[in-house]
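# Structure at a glance
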Amino acid sequence: GEDVEQSLFLSVREGDSSVINCTYTDSSSTYLYWYKQEPGAGLQLLTYIFSNMDMKQDQRLTVLLNKKDKHLSLRIADTQTGDSAIYFCAESMGDSSYKLIFGSGTRLLVRP
Amino acid sequence: DVKVTQSSRYLVKRTGEKVFLECVQDMDHENMFWYRQDPGLGLRLIYFSYDVKMKEKGDIPEGYSVSREKKERFSLILESASTNQTSMYLCASSSTQGAAFFGQGTRLTVV
């Protein structure tokens, strides 16, 4: 079935790198996404990767995709207190519905 | 800049009321979605629409209906609000095979 799994919580020190991991199940997914949600707000699209790519870098963000293991990760370099939020991984469905399936979110806490 | 706007940030309604949540996008996207977000349950898809006047049920459509009369607007309707519909409601839109962009969310409390 369709499922996207993430760890619930990650705590890092300011200035360190954060790595948030995600596993998904639909091998026909076209795109995989990372969203950020701050308290009381909607979801902000951070970055996405097309399924035929292995890596994508965008300033402090690096996305790695391992299609064989269906594993996606988001690395945040030089993590700042403003990065504290919930991070959601999502996969697009391979059928025509264009639905996104979301993980349960990883709460990132950045300690000063 | 992409924009998805939900009509209210916070709403308080009484049990049994008919509630309308409105969402407007300015990106000419074909697809629009309504999710609800609850602690421990993540985001769950209520309904989505892939074209004007077209709609499909998501994972939890019971107690809800939707309307898409114009491409830019997607409304979520709670026919008779109940306390178990207290939640954060998130609207999103996307182009074909594109990323979804979200509104700021509406926190609905049903008393």
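Residues numbered from 1 in each chain as written. Chains lettered and ligands numbered in written order. Predicted model: local features only at pLDDT ≥ 70, side-chain atom pairs only at ≥ 80, totals over all residues. Heavy atoms only, no water.

Helix and strand counts for chain B come out as 0 helices and 11 strands. Overall, chain B shows an N-to-C arrangement of helices and strands of β-β-β-β-β-β-β-β-β-β-β. Scaling as 2.2 N^0.38, a compact globule of 111 residues should have a C-alpha radius of gyration of about 13 Å, and chain B matches this with 13 Å. Across its three principal directions, the C-alpha atoms of chain B cover 35 × 25 × 25 Å. Split into buried and exposed, the 111 residues of chain B put 49% on the buried side. The long-range fraction of contacts in chain B, counting pairs at least 24 apart against all pairs at least 6 apart in sequence, stands at 54%. For chain B, the accessible surface area stands at approximately 5,400 Å², while carbon and sulfur atoms represent 49% of it. The average position of the 15 basic charges and that of the 14 acidic charges among the side chains of chain B differ by 6 Å. (Helix = DSSP H or I, 4+ residues; strand = E, 2+ residues; numbered from the N terminus. Rg over C-alpha atoms; globule rule 2.2 N^0.38 Å. Buried < 20%, exposed > 50% of the residue type's maximum accessible area, 1.4 Å probe, protein only. Contact = heavy atoms within 4.5 Å. Areas by Shrake-Rupley, 256 points an atom, 1.4 Å probe, with all protein chains shown as cover. Lys, Arg positive; Asp, Glu negative; His and termini not counted. Charge placed at Lys NZ, Arg CZ, Asp CG, Glu CD.)

Our next topic: a nonpolar patch on the surface. A contiguous nonpolar surface patch, about 310 Å² in accessible area, is contributed by Leu8, Phe9 and Leu109 of chain A. Relative to the assigned elements, Leu109 of chain A resides in strand 11 (residues 106–111). (Patch = residues over 30% accessible without salt bridge, like charges linked within 9 Å, V, L, I, M, F, W, Y side chains within 5 Å. Salt bridge = Lys/Arg side-chain N within 4 Å of Asp/Glu carboxyl O.)

Residues and elements named next belong to chain B. The final tally for this structure, using the stated rule, is 8 salt bridges over all chains. Across the pair Lys71 and Asp28 runs a salt bridge whose closest N-O atoms are separated by 3.1 Å. Residue Lys71 is located in the loop between strand 7 (64–70) and strand 8 (73–78), and its partner Asp28 is located in the loop between strand 3 (19–25) and strand 4 (31–38); the two are separated by 43 residues in the primary sequence. On the basis of relative accessibility, which here comes to 54%, the residue Asp28 falls in the exposed class. A salt bridge links Lys53 to Glu69; its shortest N-O distance comes to 2.5 Å. Note that Lys53 is positioned in the loop between strand 5 (42–51) and strand 6 (54–57) and Glu69 in strand 7, a separation of 16 residues in sequence.

It is worth stressing that arrangement in space is one thing and function is another; only the former is reported here.
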